[in-house]
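One-letter residues, chain by chain:
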Amino acid sequence: MYPIRLCLLLFLSTIFTINAQQPKKLNSSEIYEAVQKLNVLGSVLYIAAHPDDENTRLISYMSNQVKARTAYLSLTRGDGGQNLIGSEIRELLGVIRTQELLAARRIDGGEQRFTRANDFGYSKHPDETLEIWNKEDVLADVIWAIREFKPDIIINRFDHRRAGRTHGHHTSSAMLSMEAFDLANDPSKYTSQLELTEAWQPKRLFYNTSWWRYGSQEEFDKIDKSNMLKFDIGVYYPSKGMSNNEVASLASSQHLCQGFGRVTSRGSQDEYIEFLKGDPLDNNNDVFAGIDTSWNRIKGGQAIGNIMTKIESNFNFVDPSTHIPKLLEAYKLLQNVEDEHWKAIKTKELKVILEACSGLYLEVSANNPHAAPNSNVGLRMEVLNRSTANINLVSYNLSTLNKGISKNMKLPTNQRLNFEEGISIPNNMAYTAPYWLNNQSTLGMYNVKYQDLIGLPETPRSVFVDFNLNIEGTPLTITKPVVYRYSKPDKGELYRPFEIIPEVSASISDKVFIFENDQQKEIEITVKAGRDSIDGYVQMAYPNDWSVFPDKQKVEISNKGDIQKVIFTIIPPKGKSEGLITPMVNINGEFFTDELIEIDYSHIPFQTVLMPSESKIVRLDIQKRGKNIGYIEGAGDVVPQSLRQIGYNVTVIKPEQISPENLSNFDAIVVGIRAYNIVDELKFKQKFLLNYVKEGGNLIVQYNTNRRLKVDNLAPYNLNLSRDRVTDENALVRILEPNHPILNFPNKITIQDFEGWVQERGLYFPNEWSEEFTPLLAANDKGETSKEGALLVAKYGKGNYIYTGLSFFREFPAGVSGAYRLFANLLSAGKENKTQLKN
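Cut-offs used in this document
- Residues numbered from 1 in each chain as written.
- Predicted model: local features only at pLDDT ≥ 70, side-chain atom pairs only at ≥ 80, totals over all residues.
- Heavy atoms only, no water.
- Helix = DSSP H or I, 4+ residues; strand = E, 2+ residues; numbered from the N terminus.
- Rg over C-alpha atoms; globule rule 2.2 N^0.38 Å.
- Buried < 20%, exposed > 50% of the residue type's maximum accessible area, 1.4 Å probe, protein only.
- Pairing = 2+ DSSP bridges.
- Salt bridge = Lys/Arg side-chain N within 4 Å of Asp/Glu carboxyl O.
- Axes fitted to C-alpha atoms, helices over the stretch in contact; angles between N-to-C directions.
- Contact = heavy atoms within 4.5 Å.

(A) Molecular detail of the overall build of the protein. Helix and strand counts for the protein come out as 19 helices and 42 strands. Scaling as 2.2 N^0.38, a compact globule of 839 residues should have a C-alpha radius of gyration of about 28 Å, and the protein matches this with 30 Å. Considered along the principal axes of its C-alpha atoms, the protein spans approximately 95 × 75 × 55 Å. Expressed as a percentage of the 839 residues in the protein, the buried residues total 58%.

(B) The pairing of strand 30 (residues 607-612), seen in detail. In terms of residue burial, strand 30 counts as a mostly covered element, since five of its six residues are buried. Across six bridges, strand 29 (residues 594-599) lies against strand 30 in antiparallel orientation. Bridge pairing in strand 30 links E595 to M611.

(C) Broad picture of the pattern of salt bridges. Within the structure shown, the criterion is met by 40 salt bridges. Of the charged contacts, one joins E54 and R105 as a salt bridge, the two residues approaching to 3.1 Å between their closest N and O atoms. With E54 in the loop between strand 1 (43-48) and helix 3 (56-65) and R105 in helix 4 (residues 91-108), this residue pair connects regions lying 51 residues apart in the sequence. Of the charged contacts in the structure, one is a salt bridge between R485 and E493, with a shortest N-O distance of 2.7 Å. Of the residues examined, R485 reaches a relative accessible area of 31% and is grouped as partly exposed. Look at E493 and you get partly exposed, because its relative accessible area is 34%. Linked by salt bridges that have partners in common, K124, D781, E784 and K787 make up one network.

(D) Examining the sheet that holds strand 41 (residues 791-796) more closely. The seven strands lie next to each other as 33-32-34-35-42-41-39, forming an open sheet whose pairing is mixed. Because the sheet does not close on itself, it has two edges, and the strands there are strand 33 (649-652) and strand 39 (773-775). Averaged over all pairs of adjacent strands, the angle between their axes in this sheet comes to 20 degrees, without regard to strand direction. In this structure, strand 39 lies alongside strand 41, joined through three bridges in antiparallel fashion. The residue of strand 41 that forms the bridge with F773 is A794. Together, strand 32 (628-632), strand 34 (668-671), strand 35 (698-701), strand 41 and strand 42 (799-804) form the strand contacts of helix 16 (residues 682-694), whose direction differs from that of strand 42 by roughly 125 degrees. Each of strand 32, strand 34, strand 35, strand 41 and strand 42 is contacted by helix 18 (residues 817-827), which is oriented at about 140 degrees to strand 35, the strand it contacts most.

Pasting the structure below:
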């Protein structure tokens, strides 16, 4: 069972990653590097907590200099972070960050794995982290990753000895790695895993330390380093034309949603790893000391090594195809190796080298980017032999067909052959969607039912083609996923993954609908066809105390990809209430309730995500003053849309539009999250914003980080941002100034308004401020001092300057009533006197 599954897993890994760019075509230097890596039978597993935690310098060094098989195990997919490039948060952000990790690995040469841990947001202690995550399940996943990947060396990004002094997720990743190192080889632990894999004992465990662990380079220079290994990770790669740290910078710059785009660096740079446990170190600074990483490591490997070493030593950069006979000889010897682990890994690598050396081009493109079960798809196959090698196409097997299609034809040199096939998508074929989102998750864990899916970066592609070849008398099968290839006049040739989607999907115009009174609202539902000739109806599921009209509406869509929009009227109850609404599309008696979400950014492959189509409806007791709000966007959030839900006219103000004349038109100006971190123009526009306040305006500034602020003076008075935060969304909120107008007008704010908050109270609170500011709220996490910088208000001239680190950008999409009521008060600041005069 295990050997068969291992081969299948490695085969599938070749079709998991479908680049947004054209398929990778190796040049001579890259083929040579692949040969070098083929000749190293050693592996390194790097472990941390989140996307962007990984040290790409060390991953690239181990992969490209040491030539070891290197992987990064990120315990989470980063769902709890912020998003600097769009409005996606939570699960959708996790999808983006997963793809950014894969993009980074394509550059630094590593592989990528995960656990089921859900990034629930910042945690201050591993005790909290491991309780929310379910320690036993995440530990099982780390052990599973070790047993599957079989690393000789494990390197932790974080220090297991610093509980409570850094992010709880970080410390937990190191603690779990320490424990898993000792348990992975124990056959009495997590025995169900052993039906699919084998126990494994890594040889050494290290901690990737640096000066930042000790506070400064000066302090780091003082410590005893006899228990450490040092590498110059600035080594230059002539075949790449780049230094290792340049490669690493390009890899880490893939984390664009976290603002990691950066300039490259070059030159000598030391990296340290501290020995923690395992086989003792020797004195030669070799991480693999005492471990045979040559072909001699496996029985029957010496003969393969003799062949491959000669190819590496005498590589023909002008015509790599001259190596095909010897590569085939090595390939045949490899198929007789008893070690199933290395046999599967090296067979995969050797096939890539053979394909590249022979100049083979194999591609399968669909006539559409997606299809529904029971629908037909046209495939166009391109087969091209760009060498003089004797290659025959024996047959090809389509994954949707039971039998292969015989060809038995010679592939002439540099003569393109095209084949067209029509396939029918089986009725039982699963939709293409992130597998970890298929089942209901908890706050700390994703629910994955199948063990062999756990840890995979993506869902295996289900539509592919096996090309059965004969190269110089040796049978060889190369698998290619079905893709969608197309072009745009302004972009040229493009690729998208081929997706299996439902025959129909439905989405609601907004994720939250706020009813500030008992007046009805019209809600738009968009039904999208995943196949031709959709005929059915759509109706709504909704809470019992709400009403929806009409009961159902007819849906008729002729062509795949077209949409039909329908309007339902939602009538709220008289009193406060909240619940969920879901559109249900009935086609031939089957209900479809998912929304098809498309994520399209140029640095990652196009993503299709299926999520339950639902929106929160909230009838709340809310009053407001003022009508016209100006919004200066920062990092992606949905605050403008949320404010429109409660009746405000919101105008997004571009930085170049910030002027005294424009600002005077608004009752309040809101500055988006981290705007002062990412909008360069604000350094020149801040004087206009502060003058707007001075002349009687109301300015609400949402949280910024204390690093890389674009302005010298964030506020009209002294205001010092810190890293203070309250991560417990249920932490008690204390009202410091119960009589302050902002807490009383036009809505009376009480402790009840802080119920039902999600992920956190807030972040990056100021910890010092001038006496002109009045702190209104206080809260703290368990065992910590009170944090009073969540909401600060200061009079400046005739107006109000308000700074808040409260996480409105998370609470609004979750439909938290109290967050809307409090923000309405912020927008109404200074208008209580005008109301009294009017009365």
